[in-house]
Amino acid sequence: MDAHLTRPARLFGAMLALLATAAALSAQGSRYPAARTVDQADTFHGTVVRDPYRWMEDPDAADTRAWIAAENAITFAYLDSIPQRAAIRDRLTKLWNYPKYSAPFREAGRYFWFENSGLQNQSVLYVRDGRKGTPRQLLDPNTLSADGTVALGALAVSNNGRWLGYGVSVSGSDWQEFHVRDIDTGRDQGDTLRWIKFSGISWTRDNRGFFYSRYDEPKGENALTAVVRAPKLCYHRLGTPQSQDILVYDRPDQPDWILRASVTDDGQYLIVSISQGTDERNRVYFIDLGDPRKPVVTQPVVKLLDRFDATYDFIDNEGSTFYFRTDLNAARARVIAINVDLPREEQWRSVIPESPDAMQSVALIGDRFVVSYLHDAHSLVRLVALHGGEAFGELALPGIGSVGGIAGKRGDDEFFYSFTSYLSPPSIYRYDLKQRTSTLERAPAVAFDPGLYESKQVFYTSKDGTRVPMIITARKGIPLDGTNPTLLYAYGGFNISLTPSFSPANIVWMEMGGIYAVANLRGGGEYGKEWHQGGMLLHKQNVFDDFIAAAEYLIKARYTSSSKLAVQGASNGGLLIGAVMTQRPDLMGVALPAVGVMDMLRFHKFTIGWAWTSDYGSADDSTQFRALVAYSPYHSIRPGTRYPATLVTTADHDDRVVPGHSFKFAAALQAAQAGPAPVLIRIDTKSGHGGGKPTAKRIDEVADIFAFTVKNLGMAPALP
């Protein structure tokens, strides 16, 4: 190692060298499959960093496939030995079996919604003509594969209600293939569009085609790991091959730009939102399509907002007046109006000012803005007049929970929404704009008694004095004696807010005597831009400190103890668990990192990982490297440490957070483990990052996670 390296860097390099040696020495007779190590080293700004499991980044290599098979063999043998596993799966299956509905949306007098009878692997799209029409199945993705691993993605109905544009993904991949279905006949047309990721579908008002974004086909690379850059905004005309699609806009000189496009409800404009990776700040361009009945998609692109200085979410327009939700000079967001004929900032008009609550989304329905806010991480919905700013009050919500599914247009006199909480499944409501009343449309029944449980919001203090909210849900009257098994969940990143939501899995956990806690860490969007920025880039450690403080609060308040605490998170939340368990392995009894970003020095080299540098930073920058290597879970594992019982979960088709992250982390953790607690990895097949996962796979995965947790927290549950 170079002599000029700092002491932490020297210790870090020595630690990984010891780790590689320990792995080699312990391969014979180890309780874990042998994972060979390689002499791979990289130099970052003068610091040598070893990466002994680099070979695992190739998920299709023979060595990797053999290791996956061996790991799954010991993991499932371990899980098979847990006597409560079958009962947990049976109870999960029973509770999962209830009807589920989405909030309907309307197009040309037709109503569309998703419905799941209970245990269907994928929800089914239904349609009816008018409010009183007879429902009929329009698209059942369960018929697209025998095992339910083909899921729906993007979805949009043409303005005349005749055509359905939809995307399908296979085995959980982010890649989608677009098709078009005739809503009258229920039959697909011949249109097939490929190599699409992170794109919606937006129809022109002549109902003859739609805009979408696509990437070039990966050449000579594995499509599940290949880096994707330089999208193209295209227009597809019905009945033509994709090769004839019109290139509307691209920026090969800006390959990290992500392009999203939507046609305004009046059909005159195409709004192009441009973001750089996952950075919340965006640019807004537009195309004047002219006569909506005869749109000209090749008209020039006009740059309206071109500074990447704030978030600008397009809401709707009145002619040349565009309405945006923005956090420019408003950390918790506001609504402004911009006349595109007079676009200078001094001509902008404030429509809805910033409030103490974080403005999450805005829809213009009828003559009112329907504005969703977060107040201490739960939903409030206010209605405001389009002209004059008159307040029409709030939706009367049944409790502390989350509202979703709000959608509508200027000509509508109604909208639908869903409401859910930790103890109530999503119920569907219809709001009448004229009567100003909400009516319950559908309220599914689940086979448990919600009256036995309660949710309580508490606030605790993080390491630097920041006040952080957490919602704790448990059986009423549970004794605070420090013996309760507790599952603490969090995310903390990318401006994503965790709000109350129903899960039959959480009900089963509480039936087994457990407490379920969700902490709203910095890095999320619960309190607006400043809350997000407080947990990103060089401030990412705040996220881990917030989580550690949540665990310490639960222990100090006698909800639980370290030996009875399980911690869980997925994706960026998987990174969270990996970082916390390596920083404070004494804090929990069980760690459950799922599809986590575990190698913070190389995440940007795979698929869409480069887009996350806006939140994480990049090891290519010397200052950011020092922050990243300090908490990178894979690089923070210390040989000879007693780590908690750990079940890493990932999937072989995850093309967002590639499974190599979890493979390397699990192998290194197994080699380093000095205590008796098991370190296992469960690698699902024909699954991806989580989106579109079939119900059967979701139940199996939760049953395995709970069985592992029950065994390692010493629980003896008596399920109903």
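Not measured: the values here are computed from a predicted model.

J.: I'm lost on the overall build of the protein in this one. Help?
T.: On a plain count of helices and strands, the protein comes out with eleven helices and 39 strands. Computed over the C-alpha atoms, the radius of gyration of the protein is 26 Å, within 12% of the 27 Å expected from 2.2 N^0.38 for a compact globule of 720 residues. Taking the principal axes of its C-alpha atoms as reference, the protein extends roughly 75 × 60 × 50 Å. The buried share of the protein, taken over its 720 residues, is 59%. Relative to all contacts within the protein whose residues are 6 or more apart in sequence, the contacts with residues 24 or more apart total 58%.

J.: Would you explain the side chain of asparagine 116 in this entry?
T.: With respect to the helices, strands and loops of the structure, asparagine 116 is situated in strand β5 (residues 110–116). Excluding residues within four positions of it along the chain, asparagine 116 makes contact with Tyr98, Pro99, Lys100, Gln122, Ser123 and Thr695.

J.: In this structure, what is going on with the packing of aromatic side chains? I would like to understand it.
T.: To describe a pair of aromatic rings, you give the distance between the ring centres and the angle between the ring planes. Evaluation of the coordinates by the stated rule reveals 37 aromatic pairs. With centroids separated by 5.9 Å and ring planes inclined at 50°, the aromatic side chains of tyrosine 78 and phenylalanine 708 adopt a geometry described as tilted. Of this pair, tyrosine 78 sits in helix α2 (residues 62–80) while phenylalanine 708 sits in helix α11 (residues 695–712), and the two are 630 residues apart along the sequence. For the pair formed by tyrosine 78 and phenylalanine 708, the shared burial category is buried. With centroids separated by 6.2 Å and ring planes inclined at 45°, the aromatic side chains of phenylalanine 415 and tyrosine 417 adopt a geometry described as tilted. For phenylalanine 415, a relative accessible area of 1% puts it in the buried group. On the basis of relative accessibility, which here comes to 1%, the residue tyrosine 417 falls in the buried class. Feature note: the residues Tyr269, Phe286, Tyr312, Phe314, Phe322, Phe324 and Trp348 constitute an aromatic cluster, connected by ring pairs. The ring of tryptophan 175 has lysine 197 sitting right over it, with the charged end atom 4.6 Å from the ring centre.

J.: Help me out: how do you make sense of the packing of helix α4 (residues 504–511) against α11 in this one?
T.: Helices that pack against each other are described as a pair by the angle of their axes relative to one another and the distance between those axes. Where α4 meets α11, the axes come as close as 11 Å, and the angle between the chain directions of the two elements is 25°. Comparing the axis directions of α4 and α11 gives the class roughly parallel. Of the two elements, α4 crosses α11, and the hand of that crossing is right-handed. Between α4 and α11, the contacting residues are Ala505, Val508 and Trp509 on the first element and Val702, Phe706 and Thr709 on the second.

J.: Even after reading the chapter, I still don't get the pattern of salt bridges, so can you show me in this structure?
T.: Side-chain pairing between opposite charges can occur once the charged atoms of the two side chains come close. In total, this model carries 50 salt bridges according to the counting rule given. A salt bridge links arginine 110 to aspartate 184; its shortest N-O distance comes to 2.6 Å. Here arginine 110 is found in strand β5, whereas its partner aspartate 184 is found in the loop between β10 (176–182) and β11 (187–196), with 74 residues between them in sequence. Using a relative accessible area of 43% as the deciding quantity, one classes aspartate 184 as partly exposed. Notably, a salt bridge pairs aspartate 216 with lysine 232, separated by 3.1 Å at the nearest N-O pair.

J.: Explanation requested: helix α6 (residues 541–556) in the structure shown.
T.: Helical geometry: 3.6 residues make up each α-helical turn, so side chains three or four residues apart lie on a common side. In this model α6 runs 22 Å from its N-terminal to its C-terminal C-alpha over 16 residues, within 8% of the 22 Å that 1.5 Å per residue would give. Burial in α6 covers these residues: Asn542, Val543, Phe544, Asp545, Asp546, Phe547, Ile548, Ala549, Ala550, Ala551 and Leu554. Backbone geometry just downstream of α6 places arginine 558 in the positive-phi region, at approximately 70°.

J.: Honestly, α2 in this entry has me stumped. Any pointers?
T.: The terminal C-alpha atoms of α2 lie 27 Å apart, and with 19 residues this matches the ideal 27 Å at 1.5 Å per residue to within 8%. Taken together, the buried positions of α2 are Thr64, Trp67, Ile68, Glu71, Asn72, Thr75, Tyr78 and Leu79. One face of α2 carries all of its buried residues, which in axial projection span an arc of 130°. Residues of α2 that are exposed and point more than 90 degrees away from the buried face comprise Ala62 and Asp80.

J.: Before we go on, may I ask you to explain the environment of aspartate 615 in this structure?
T.: Looking at where aspartate 615 falls in the secondary structure, it is placed in helix α8 (residues 613–616). Put simply, aspartate 615 and asparagine 495 are 120 residues apart on the chain and 9.1 Å apart in space, counted from C-alpha to C-alpha. Not counting the four nearest positions on each side in its chain, aspartate 615 is found in contact with Gly493, Phe494, His532, Met536 and Leu537.

J.: Teacher, can you tell me more about the sheet that holds strand β31 (residues 437–442) here?
T.: With respect to topology, four strands assemble into an open sheet ordered β28-β29-β30-β31, the strand pairing being antiparallel. The outermost strands of the open sheet, each flanked by one partner alone, are β28 (402–404) and β31. Ignoring which end each strand starts from, the neighbouring axes of this sheet average 35° apart. One ladder, built from five bridges, connects strand β30 (residues 427–432) with β31; its direction is antiparallel. Opposite arginine 430, over in β31, you have threonine 439 as the bridge partner.

J.: Help me out: how do you make sense of the packing of helix α3 (residues 85–96) against α11 in this one?
T.: At their nearest, the axes of α3 and α11 sit 9 Å apart, and the two run at 140° to each other. The angle between the axes of α3 and α11 places the two elements in the oblique class. For α3 against α11, the interelement crossing comes out right-handed. Listed contacts from α11 to Arg85, Ile88, Arg89, Leu92, Thr93 and Trp96 of α3 are Thr695, Arg698, Ile699, Asp700, Val702, Ala703, Asp704, Phe706, Ala707 and Val710. Of the residues belonging to the contact of α3 with α11, the class tally is nine nonpolar, two polar and five charged.

J.: Explain the pairing of strand β20 (residues 312–318) to me, please; I cannot follow it from the model alone.
T.: For β20 and strand β21 (residues 321–326), the ladder comprises six bridges, and the chain directions are antiparallel. What sits directly across from phenylalanine 314, in β21, is phenylalanine 324. What sits between β20 and β21 in their antiparallel hairpin is a turn of two residues, with glycine 319 showing a positive phi close to 60°.

J.: Would you take a moment to explain the sheet that holds strand β37 (residues 590–594) for this structure?
T.: Sheet strands line up and pair through hydrogen bonds in the backbone, either parallel or antiparallel. Taken in spatial order, the eight strands line up as β32-β33-β35-β34-β36-β37-β38-β39 in an open sheet, and their pairing is mixed. Pairing within the sheet leaves two strands with one partner each, and these edge strands are β32 (453–461) and β39 (679–684). For this sheet the average axis-to-axis angle between neighbouring strands, irrespective of direction, equals 20°. As paired elements, strand β38 (residues 645–651) and β39 share six bridges and run parallel to each other. Across the sheet, valine 648 pairs through a bridge with isoleucine 681, a residue of β39.

J.: Would you mind showing me how to read unusual backbone geometry here?
T.: When glycine is set aside, most residues are seen to have a negative phi, and most peptide bonds are trans. In this model, tryptophan 195 sits at a positive phi of 60°, which is unusual for a non-glycine residue. With respect to the helices, strands and loops of the structure, tryptophan 195 is situated in strand β11. The phi torsion at threonine 607 lies on the positive side, around 40°, for a residue other than glycine. When you line up the elements, threonine 607 lands in the loop between β37 and α8.

Rules of the game
- Residues numbered from 1 in each chain as written.
- Predicted model: local features only at pLDDT ≥ 70, side-chain atom pairs only at ≥ 80, totals over all residues.
- Heavy atoms only, no water.
- Helix = DSSP H or I, 4+ residues; strand = E, 2+ residues; numbered from the N terminus.
- Rg over C-alpha atoms; globule rule 2.2 N^0.38 Å.
- Buried < 20%, exposed > 50% of the residue type's maximum accessible area, 1.4 Å probe, protein only.
- Contact = heavy atoms within 4.5 Å.
- Phe/Tyr/Trp six-rings, centres within 6.5 Å; stacked < 30°, edge-to-face > 60°.
- Lys NZ or Arg CZ within 6 Å of the ring centre and 35° of its normal.
- Axes fitted to C-alpha atoms, helices over the stretch in contact; angles between N-to-C directions.
- Parallel < 35°, antiparallel > 145°, perpendicular 65-115°, else oblique.
- Left-handed = near helix turned anticlockwise from the far one by under 90°.
- Salt bridge = Lys/Arg side-chain N within 4 Å of Asp/Glu carboxyl O.
- Expected span 1.5 Å × (residues − 1).
- Arc of directions from axis to C-beta.
- Pairing = 2+ DSSP bridges.
- Nonpolar A, V, L, I, M, F, W, Y, C, P; charged D, E, K, R; others polar.

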